[in-house]
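One letter stands for each residue in the lines below.
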Amino acid sequence: MKRSRPLRRKPKRPEPKRQEPDAIDLRSTDDDPVVQGILTAISQKRLKPGAKLGEDKLAKAFGTTRIHIRQALSHLASRKVVMQIPNRGAFVYRPSWEEAKDILAARRVIETATVSAAIDRLDKAGRAELKAHMELEARHDRNDRWASLSLTAEFHVLVAKLAGNRVLLEMSRELMLRTSLAIATFEQPGEPDCLPDAHPDIGALILARDKASAIDAMRHHIEEMEQRIRPKEGADEVDELTAIFREIDARGRAGG
Ligand SMILES: [Zn+2]
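Just so you know, these numbers come straight off a predicted model, no measurement behind them. (Residues numbered from 1 in each chain as written. Predicted model: local features only at pLDDT ≥ 70, side-chain atom pairs only at ≥ 80, totals over all residues. Heavy atoms only, no water.)

### Quick look at the overall build of the chain
Our working definition: Strands here mean DSSP runs of E at least two residues long; helices mean DSSP runs of H or I at least four residues long; both are numbered from the N terminus. Burial classification: accessible surface area is computed with a 1.4 Å probe over protein chains only, and a residue below 20% of its type maximum counts as buried, one above 50% as exposed, and the rest as partly exposed. Computed with a 1.4 Å probe, the accessible areas rest on the Shrake-Rupley method; for each residue, only the protein chains presented here act as cover.
Counting its secondary structure elements, the chain contains 10 helices and 3 strands. Tracing the chain from N to C terminus, the helices and strands come up as α-β-α-α-β-β-α-α-α-α-α-α-α. Looking at the chain as a whole, 43% of its 256 residues are labelled buried. In the structure as shown, the chain presents an accessible area of about 14,700 Å², 51% of it carried by carbon and sulfur atoms.

### What to know about helix H8 (residues 198-207)
In plain terms, the rule: In this description, one arc is meant: the one made by directions from the helix axis to the C-beta atoms.
Among the residues of H8, Ala198, His199, Ile202, Gly203, Ile206 and Leu207 are the ones counted as buried. Axial view of H8: buried residues confined to an arc of 160°, hence all on one face. With its phi angle positive at about 55°, Arg209 sits one or two positions after the end of H8.

### Here we look at the nonpolar core
Cut-off, in case you're wondering: Nonpolar cores are built from buried Ala, Val, Leu, Ile, Met, Phe, Trp, Tyr and Cys residues. Side-chain atoms within 4.5 Å join them into one set. Whether two residues are in contact is decided by their heavy atoms, any of which lying within 4.5 Å being enough.
Core analysis: the largest hydrophobic core is formed by 31 residues, its most contacted members being Val115, Leu130, Val159, Ile202 and Ile206. It is helix H4 (residues 97-121) that contributes the most residues to this core, 7 residues altogether. Apart from residues no more than four positions distant in its own chain, Ile202 is found in contact with Val115, Phe155, Ala217, Met218 and His221. In this structure, Ile42, Val92, Tyr93 and Leu177 belong to the second largest nonpolar core, which totals 20 residues.

### Focus on the packing of aromatic side chains
Note the following rule: For Phe, Tyr and Trp, rings pair up if their centres lie within 6.5 Å, where Trp contributes its six-membered ring, and each pair is then called stacked (planes under 30 degrees apart), edge-to-face (over 60) or tilted (otherwise).
Evaluated as defined, the whole model comprises 1 aromatic pair. When the centroid spacing of 5.3 Å and the interplanar angle of 70° are considered together, the rings of Trp97 and Phe186 count as edge-to-face. Here Phe186 lies in helix H7 (residues 166-186) and Trp97 lies in helix H4, a separation of 89 residues in the sequence. Look at Trp97 and you get partly exposed, because its relative accessible area is 23%.

### Re the pattern of salt bridges
Selection criterion: Criterion for a salt bridge: a side-chain nitrogen of Lys or Arg within 4 Å of a carboxyl oxygen of Asp or Glu.
The tally for this structure, following the rule as stated, stands at 11 salt bridges. Between Asp56 and Arg66 there is a salt bridge; the shortest N-O distance is 3.3 Å. Here Asp56 is found in helix H2 (residues 55-62), whereas its partner Arg66 is found in helix H3 (residues 66-78), with 10 residues between them in sequence. In this structure Arg66 comes out as partly exposed when scored by relative accessible area, which is 37%. In this structure, the salt-bridge partner of Arg219 is Asp216, at a minimum N-O distance of 3.1 Å. Placement of the pair is Arg219 and Asp216 together in helix H9 (residues 211-228), with a separation of 3 residues, close to one helical turn.

Structure (structure tokens):
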């Protein structure tokens, strides 16, 4: 299982005084430690939707340059995980209610497909990997909330991986992150993305190659997530980002 890299890392060389460091190779940007660190913090809900991502603070936390942080944030913005607003800075992306519903509906489509393909392709190595993961989830202390969030997301990524389609795997990873943002925005803070008891059933059905039941179980599991999110109303939702969007809306109306 791939582990995230440590959050803190010394720059490879001292920060040049005038010259900017080399641009990050975009092909490997997903493996960049800053990108990985922020993605992990979002998937573990330590960073909440709407949270400000200050370049200086991040540069200090990661022991790197502001240029590096800026590039990482731009990359995350291209993945709809971060929102960059001119003259305001970067924020953890906060999906709208419509978008949150679309994210979960897309997961329902993608994951019923990945579970089906995973069963078609299931071999000895895949079975072993799935069993190992299920044992890990079974043994895991659920009170360790942050680790639980990573572990349950890994189950879904593993199913996508077993499906053997790189594009589906990439889409699943992206949808997983966006689900975390959707659930963090529209459910009580700190709630898990997955209800805990669904994975053993889905895993067992995959191992039994019972495709129809596995697809049903996965669909039901995602539908449960869809039912748990609720549109939010009222004044307690007002935060910096909401205020910004209101302002932008107001400007749009004023101009047109
Ligand atoms: Zn799940």
